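Observations on the three-dimensional arrangement
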Protein chains: 2
Amino acid sequence: MNRQDLVQLIRERKSYLCIGLDTDIQKIPKHLLSHADPIFAFNKAIIDATKDLCVSYKINTAFYECQGIRGWESLQRTVEYIPDDIFTIADAKRGDIGNTSTYYAKTFFETYGFDSVTVAPYMGRDSVEPFLAFPGKWAIVLGLTSNEGSKDFQQTKIGERFLYEQVMQTTASWGSADNTMFVVGATQSAAVADIRKLLPDHFFLVPGVGAQGGSLKEISEKGLNKDVGLLVNASRAVIYAGNGEDFADDARKAAQAYQREMSQYLV
Amino acid sequence: MNRQDLVQLIRERKSYLCIGLDTDIQKIPKHLLSHADPIFAFNKAIIDATKDLCVSYKINTAFYECQGIRGWESLQRTVEYIPDDIFTIADAKRGDIGNTSTYYAKTFFETYGFDSVTVAPYMGRDSVEPFLAFPGKWAIVLGLTSNEGSKDFQQTKIGERFLYEQVMQTTASWGSADNTMFVVGATQSAAVADIRKLLPDHFFLVPGVGAQGGSLKEISEKGLNKDVGLLVNASRAVIYAGNGEDFADDARKAAQAYQREMSQYLV
């Protein structure tokens, strides 16, 4: 999906909500466990209940990989079930030397048909560029993440600026705002205004709202740009909003609350 | 596999060779393509031909993931086929927030039974520590990688030292030399002596010998420690040494040349 179509979708739905399908077989309602593929059954119900309220689904591969081959089957069914007009993110945090990164790009863009994949920047240019070579596809590069560990290296000072600023500015120069986004944690809202100044045009994928405690209001005030420029992700706060037979209704209500709040910030 | 067993295996075989099963379906001998699982058929032949010459096999997941579910089946068959006394590495370069990294650790240590997994450090402590919580298992953290892109961020100067030095020293403090190794590229031999000073006890996994041009002699002179402390990986130079019906014999010859050279450096 290209930038224009994504921005248009956001405008139409008055939503920049991304729902994270971090589906953990330990946490899904017990009545689903009798399904042949409980993880897909859960995801299908969540997608059916929320697909008009969000513009993106993010699948964190870790939750699927740990189930072995069965997990990849659930992942494949899920991504195939997501409507074509919704932006899909493989939250896989991949990255390797150039030759090998190309295989990761093929995996998520071609084998599974995702629109985008999250990429770890530590290995530098030749580890990121292969993800930028697929028309209509996106690399979403880790910038300043939402977790405590972001202090260890990302927030190291290099002269006057932080490592994460160097990483984002340098990485941005390898592609464009049409094929590169950045992960910026909602828990880092103090830094978001500065990051937006550094990168006025790029989309940011913002995890950390909800269970991790980030504020949607704050991130929106500081992060929105003329083309919206934000995808705000909620995972646990939406998909585990309820745990009964009507879990999908509860997920819809949680997604609706986010969408309504977002509609106020979009003008 | 614990450190003591690994060191003993290296001493017995007079080899610190790791063979990288970066098996690309485009590059394997054509006569294997009629097998039900050509990638496994190739790996099986390579393992049969080299298992007494190396102490480790490294499986780079990218080459398997891009084949979809079939690829994960090949990966699983391969890791199950590797003899139990050989150290197995999932070269997956994973890393995520703590909750999620635990799922990656379970994936490779429990679901597939690897001894170790490569880990990307950019997200910091809570992204690495989950990999250190499994007895007898190892995190192999990216330090200074073999590729050109290592200049972009890893070799950034932070005051008097490089980012990769900060990453390695800090990460080393989260675990011990019994559960943490570091990736140090063979193409970075100028830096290896200093890295060895910084981390006298840790094992380094060294890719970049062979196709990428690193020197086994140089890396051995600078990197060996009292417990050996090196696993030197060759992938393409061994597995694609030949391309005919007798490709496994050619792979054995290539592995044997490495093992013989290594035996000279081990005293």
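Residues numbered from 1 in each chain as written. Chains lettered and ligands numbered in written order. Predicted model: local features only at pLDDT ≥ 70, side-chain atom pairs only at ≥ 80, totals over all residues. Heavy atoms only, no water.

**Points about the overall build of chain A**
In terms of helices and strands, chain A carries 11 helices and 10 strands. For 267 residues, the compact-globule estimate of 2.2 N^0.38 gives 18 Å, and chain A sits close to it at 18 Å. Principal-axis analysis of the C-alpha atoms gives chain A an extent of 55 × 45 × 35 Å. Each of the 267 residues in chain A was classed as buried or not, and the buried ones make up 65%. Partitioning the contacts of chain A with sequence separation of at least 6, the portion at a separation of at least 24 is 73%. Counting only carbon and sulfur atoms, one obtains 47% of the accessible surface of chain A, whose full area is about 9,300 Å². In chain A, 28 positive and 33 negative side-chain charges are present, and the distance between their average locations comes to 3 Å. (Helix = DSSP H or I, 4+ residues; strand = E, 2+ residues; numbered from the N terminus. Rg over C-alpha atoms; globule rule 2.2 N^0.38 Å. Buried < 20%, exposed > 50% of the residue type's maximum accessible area, 1.4 Å probe, protein only. Contact = heavy atoms within 4.5 Å. Areas by Shrake-Rupley, 256 points an atom, 1.4 Å probe, with all protein chains shown as cover. Lys, Arg positive; Asp, Glu negative; His and termini not counted. Charge placed at Lys NZ, Arg CZ, Asp CG, Glu CD.)

**Considering empty space enclosed by the protein**
One way to see where empty space is left: roll a probe the size of a water molecule over the atoms. A complete count under the given rule lists five cavities of 30 Å³ or more for this structure. Taken as a whole, the largest cavity spans an internal volume of roughly 310 Å³. In terms of lining residues, the largest cavity is bounded by 29 residues, among which Asp22, Lys58, Pro207 and Gln212 of chain A together with Ile97 of chain B are the most central. Taken together, the elements giving at least two residues each to the lining of the largest cavity come down to strand S2 (56–60), strand S3 (87–94), strand S10 (230–234) and helix H10 (236–239) of chain A together with helix H5 (98–111) of chain B. Classifying every residue of the lining of the largest cavity by side-chain character gives 11 nonpolar, 10 polar and eight charged. Its boundaries defined by the atoms lining it, the second largest cavity holds a volume of some 260 Å³. Looking at the second largest cavity, it is lined by 24 residues, and the ones nearest its centre are Ile97 of chain A together with Lys58, Pro207, Gln212 and Asn233 of chain B. (1 Å grid on protein atoms, 1.4 Å probe; cavity = no way out; pocket = protein on both sides within 12 Å on 5 of 7 lines; lining within 4 Å. Points joined across faces, edges and corners; volume = space filled by probe spheres on them. Nonpolar A, V, L, I, M, F, W, Y, C, P; charged D, E, K, R; others polar.)

**Digging into the interface of chain A and chain B**
Contacts between the two partners involve 57 residues from chain A and, on the opposite side, 57 residues from chain B. Between chain A and chain B, the buried area comes to about 4,700 Å², and carbon and sulfur atoms account for 60% of it. If you sort the residues of chain A by the area they bury against chain B, Tyr103, Tyr122 and Phe153 of chain A come out on top, with a joint share of 20%. The tally of links between chain A and chain B comes to four salt bridges. For the pair chain A and chain B, the interface holds 32 residue pairs in polar contact (both at pLDDT 80 or more). Elements with a contribution of two residues or more to the side of chain A that touches chain B: helix H3 (61–65), helix H4 (69–81), S3, helix H5 (98–111), helix H6 (125–128), strand S5 (138–144), strand S6 (157–158) and helix H7 (163–172) of chain A. Considering each element in turn, the side of chain A that touches chain B owes the most residues, seven residues, to H5 of chain A. Considering only residue class, the side of chain A that touches chain B consists of 21 nonpolar, 23 polar and 13 charged. (Buried area = accessible area lost by both parts, 1.4 Å probe. Salt bridge = Lys/Arg side-chain N within 4 Å of Asp/Glu carboxyl O. Polar contact = N/O pair within 3.5 Å; in protein donor to acceptor, adjacent residues only side chain to side chain.)

**Observations concerning the sheet that holds strand S8 (residues 180–184) of chain A**
To summarise the sheet geometry, strands pair through backbone hydrogen bonds and adopt either a parallel or an antiparallel arrangement. Residues and elements named next belong to chain A. What the eight strands build is a closed barrel, ordered S1-S2-S3-S4-S5-S8-S9-S10; its pairing is parallel. Between one strand and the next, the sheet's axes are offset by a mean angle of 30°, whatever the strand orientation. Against the sheet, helix H1 (residues 3–13) engages S3, S5, S8, strand S9 (203–206) and S10, with an angle of about 60° to S9. (Pairing = 2+ DSSP bridges. Axes fitted to C-alpha atoms, helices over the stretch in contact; angles between N-to-C directions.)

**Digging into the sheet that holds strand S8 (residues 180–184) of chain B**
All names here are of chain B. Reading around the circumference, S1-S2-S3-S4-S5-S8-S9-S10 is the order of the eight strands in this closed barrel, with parallel pairing throughout. Pairwise comparison of adjacent strand axes, ignoring direction, gives a mean angle of 30° for this sheet. Two elements, S8 and strand S9 (residues 203–206), share three bridges in a ladder whose sense is parallel. Within S9, the position partnered with Val183 by the bridge is Leu205.

**Concerning the pairing of S2 of chain A**
Residues and elements named next belong to chain A. Taking burial as the measure, the five residues of S2 include five buried ones, the bulk of the element. Of the two faces of S2, the one carrying Ser56, Lys58 and Asn60 and the one carrying Tyr57 and Ile59 are both buried. Two elements, strand S1 (residues 17–20) and S2, share three bridges in a ladder whose sense is parallel. Bridge pairing links Gly20 to Lys58 in S2. Tracing the backbone out of S1, into helix H2 (residues 38–50) and back to the parallel element S2 gives a crossover that is right-handed. Here five bridges tie S2 to S3, and the two strands are oriented parallel to one another. What sits directly across from Ser56, in S3, is Phe87. (Right-handed = clockwise from strand over helix to strand, strands pointing away.)

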